[in-house]
Amino acid sequence: MAQPVTINISALNKSITVPTGLFINNEFVPSIDSTEVIEAVNPATEEIICSVVSASPKDIDAAVAAARQAFKTSWGKNVTGFERSRLINKLADLIEDHAQELAELESLNNGKPVRIARDFDIGDSVQCLRYYAGWADKIVGQTIEVDNQTKLAFTRHDPIGVCGQIIPWNYPINMWSWKVAPALAVGCTIVMKPSELCPLTALKLSELVKEAGFPPGVINTVPSYGPVGGAALAAHPDVDKVAFTGSTATGRKVMEAAAKSNLKKISLELGGKSPHLVFSSADLDQAANWAALGICYNTGQDCTAGSRVYVQDDVYDRFIELLVSKVKKQVIGNGFDDASGAGPVIVQISKGQYDKVWNYIESGKYEGAKIILGGVKRVGKGYYIDPTSGLHLISMHVLRVLYSPKSSQISGRIFGPVLSVGRFKTEEEAIALANDTTYGLGAGLHSTDASQCMRVTSALEAGTVSINLSFDFISSLSSKSDSID
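Scoring rules and cut-offs
Residues numbered from 1 in each chain as written. Predicted model: local features only at pLDDT ≥ 70, side-chain atom pairs only at ≥ 80, totals over all residues. Heavy atoms only, no water. Helix = DSSP H or I, 4+ residues; strand = E, 2+ residues; numbered from the N terminus. Buried < 20%, exposed > 50% of the residue type's maximum accessible area, 1.4 Å probe, protein only. Contact = heavy atoms within 4.5 Å. Areas by Shrake-Rupley, 256 points an atom, 1.4 Å probe, with all protein chains shown as cover. Core = buried A, V, L, I, M, F, W, Y, C linked by side-chain atoms within 4.5 Å. Phe/Tyr/Trp six-rings, centres within 6.5 Å; stacked < 30°, edge-to-face > 60°. Lys NZ or Arg CZ within 6 Å of the ring centre and 35° of its normal. Polar contact = N/O pair within 3.5 Å; in protein donor to acceptor, adjacent residues only side chain to side chain. Axes fitted to C-alpha atoms, helices over the stretch in contact; angles between N-to-C directions. Parallel < 35°, antiparallel > 145°, perpendicular 65-115°, else oblique. Left-handed = near helix turned anticlockwise from the far one by under 90°. Nonpolar A, V, L, I, M, F, W, Y, C, P; charged D, E, K, R; others polar. pLDDT = per-residue confidence, 0-100. Salt bridge = Lys/Arg side-chain N within 4 Å of Asp/Glu carboxyl O. Pairing = 2+ DSSP bridges. Expected span 1.5 Å × (residues − 1).

### A word on the overall build of the protein
Helix and strand counts for the protein come out as 15 helices and 20 strands. The proportion of buried residues among the 485 residues of the protein is 57%. Within the protein, contacts between residues separated by at least 24 positions form 75% of all contacts whose residues are at least 6 apart in sequence. A total accessible area of about 19400 Å² is found for the protein, and carbon and sulfur atoms account for 53% of it.

The structure is reproduced here in C-alpha cells:
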C-alpha cells in the first residue's frame, strides 16, 4: 500500500495527512510497473508540497477493470436508485464536514483563498452532489403508443457503464463533483484522472468515498500526466464514455482517440473567449463591477471568463475609469492570508501557465496594445500576476486600425487576468465583434433597454447569454465547435 504523507501548513500551524497512492478498488496502491511520481507544487511559494504516484497505462487498465467489475456486480443495475441516493448524500455530508480541511488543501495546491475554496467551490460541490442524489431514484422511461392491440413499446434509461473523467486544475473540487455526481446518480462507475498540477484534493476526496460506503471500484482515482493517463483513458476499449474539461487542443485529441478506439461517447467542455457588450444605456457602475468580476474571479482561470469587453463610444472613457477603479480594489495574496479574497482572485497555478499569460501580455504590447493598468511583474516567489491589480487592460482605441481583431490578445485563450477592451459605435458592430471568435461558451450584455436586450441576446452566438451580470456565475453550454459542451 502506498504510504500517506503529512503536510505541514505553517501559516495555520497545523498539518494535513494526504494519501499518495492510486485509489483503485477502495485502496491506495503503488503503480504496477512505474516509479514515476507527480510533484505537487504550492503556486504561492513555488515549493514542492509532496509527491504522489503517477499512473501508467497498466494502472489505467487496472482501474478500468475495477470499475467494470463494480458495474457488473455491486453498482450499475445491481443497486437501487434509493441506495445510490443515500450514498451520494452521505458523501455530500462528509465533504461538508471536512470543508475547512479540503479548502486548506485546495489553497495549498491550487493557490485560491481558503474562504473562496470553502464557501464557493466546496459549497457548490456539496449542493451539486445533493441535487443529483435527488434524481437517483427518479429516473423514468416512457410508454409509447404504437398499436394497442398487438404491441407495447416502452423506453428505459440504463447507465452507460464505465466513465473516464479527466478534469482540469482551475476548480479541482468543483470539477470533481460536476463529473462524479451525475455519473453516480445514474449508476455509472468512474475512473477519475485529476490534473497533474492539482491532484491532492481528488485523493483526499477518495478517502471520503470509501468512508461514505461506496463499494470497491465504483470510483477510482488515478493521478497521471495527460499524455499518459489521459491518453490511455480516452483510447481505452473498455471505457464507455469520457468526460473531459480542458483545452480545445486536448479536446480534439480526446475526440480522435474515442473515435479510433471503440467509438465511445464523449462530452467536452473546452475553451472560451467570452465577450461583454456595454451599451450607452447601461448602469455603468454595475457593468464595471460585473466586468471586473468576470475577469478577476479565479484570476481569469475560467472557461467563461469575460476576457473581451466592448464599450459604446459615448460612454467608453467613463466606463474605463470605473473599471480601473474596481480592479484596483482587488487584493491578491497568499490563500492563507485573510486579506486575500477580499476580491475573488487567486494566484496563477503553474510556472508554465504563468509564462504563457505573460507571453500574451508581451505580444499584445508588441502588436500595439496600450496597457492602461498592470503589465509589470511582481518581484519574489509565487506565480502571481501583478500585485497592483492582477488585471491587464488592453485598450484598442481604434480597434480595426490600431489593433487587429485577430491579434493574440483578442483571439487567443489566455486563461489569466488579461482583459481586452475595445469600443464600438453601433449595435450591429458590437454584435459582429462579439461573434468574431471560434469559441462560444458565454457572452454578456449590459443595457437598460429591454428591446435591445432581446435583440442582442438573440443575435449573440453563445451557449449562454447573460444580461446585466457576469456569465461566470451561471451554467454554460456552447454554440461553437471550439467550446464544445
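The structure having been displayed, the exposition proceeds.
### Section: the nonpolar core
Formed by 60 residues in total, the largest nonpolar core has its most connected members in Leu91, Ile95, Trp176, Leu184, Leu200 and Phe214. Sequence-distant contacts of phenylalanine 214, that is, excluding residues within four places in its chain, are made with Asn26, Trp75, Leu87, Ile88, Leu91, Leu184 and Val209. Counting 24 residues, the second-largest nonpolar core is a separate cluster that includes Ile60, Val162, Ile166 and Val254.

### Focus: the packing of aromatic side chains
Applying the stated criterion across every chain yields a total of four aromatic pairs. Centre to centre, the rings of phenylalanine 23 and phenylalanine 28 are 4.9 Å apart; their planes meet at 45°, and the pair counts as tilted. A relative accessible area of 0% means that phenylalanine 23 is categorised as buried. With a relative accessible area of 13%, phenylalanine 28 lands in the buried category. With 5.0 Å between their ring centres and 90° between their planes, tyrosine 131 and tyrosine 132 make a pair best called edge-to-face. Overall, tyrosine 131 belongs to the partly exposed group, its relative accessible area being 48%. Here the basic side chain of arginine 423 rests over the ring of tyrosine 316, its NZ or CZ set 4.0 Å away from the ring centre.

### Some points on the side chain of serine 31
Note that serine 31 resides in the loop between β4 (27-29) and β5 (37-42). On the basis of relative accessibility, which here comes to 12%, the residue serine 31 falls in the buried class. At a separation of 3.0 Å, a polar atom in the side chain of serine 31 contacts the main-chain amide nitrogen of serine 34. One polar contact links serine 31 to aspartate 59, side chain to side chain, over a distance of 2.6 Å. Leave out the neighbours within four places in its chain, and serine 31 touches Leu22, Val53, Ser54, Ser56 and Asp59.

### Details of helix α7 (residues 226-235)
By the burial criterion, the buried members of α7 are Gly229, Gly230, Ala232, Leu233 and Ala234. Packed against the buried residues of α7 are α1 (57-73), β9 (162-166), β10 (189-193), β12 (241-245) and α8 (248-260).

### A short note on the packing of α1 against α7
Between α1 and α7, the shortest axis-to-axis distance is 9 Å and the interhelical angle comes to 45°. As summarised for this structure, α1 and α7 are arranged oblique, according to the angle between their axes. By crossing handedness, the relation of α1 to α7 is classed as right-handed. For the pair α1 and α7, the contacting residues are Pro57, Ile60 and Val64 in the first and Val228, Gly229, Ala232 and Leu233 in the second. For the contact of α1 with α7, the class distribution of residues is six nonpolar, one polar and no charged.

### Quick word on the confidence of the model for the protein
A low pLDDT means the predicted coordinates there should not be read in detail. Overall, the predicted model of the protein reaches an average pLDDT of 85, with 81% of residues at or above 70. Low pLDDT, under 50, characterises residues 341-349; the stretch is placed with 56 contacts to residues that sit more than four places away or in other chains.

### Concerning the pattern of salt bridges
For the coordinates displayed, the defined rule picks out 20 salt bridges. Put simply, arginine 130 and glutamate 96 hold a salt bridge, and the shortest N to O gap is 2.8 Å. Note that arginine 130 is positioned in helix α4 (residues 114-135) and glutamate 96 in helix α2 (residues 81-97), a separation of 34 residues in sequence. The exposure class of arginine 130 is partly exposed, given its relative accessible area of 24%. Relative accessible area serves as the criterion here: at 41%, glutamate 96 is assigned to the partly exposed category.

### Remarks on the pairing of strand β18 (residues 418-424)
With six of seven residues buried, β18 is to be regarded as a mostly interior element. Judged from the five bridges that link them, strand β15 (residues 308-312) and β18 form a sheet pairing that is parallel. Along β18, the bridge assignment pairs valine 311 with arginine 423.

### With respect to helix α10 (residues 316-328)
With 13 residues, α10 should cover 18 Å at 1.5 Å per step; its first-to-last C-alpha distance of 18 Å lies within 8% of that length. Within α10, burial applies to Tyr316, Phe319, Ile320, Leu322, Leu323, Val324, Lys326 and Val327.

### Side note on the packing of helix α5 (residues 172-186) against helix α6 (residues 200-212)
Orientation of α5 relative to α6, taken along the N-to-C sense of each, is 45°, at an axis distance of 9 Å. Between α5 and α6, the crossing angle belongs to the class labelled oblique. For the element pair α5 and α6, the recorded crossing hand is right-handed. Two secondary-structure elements touch here, α5 through Pro172, Ile173 and Trp176 and α6 through Thr201, Ala202, Leu205 and Val209. Residues of the contact of α5 with α6, tallied by class, amount to six nonpolar, one polar and no charged.

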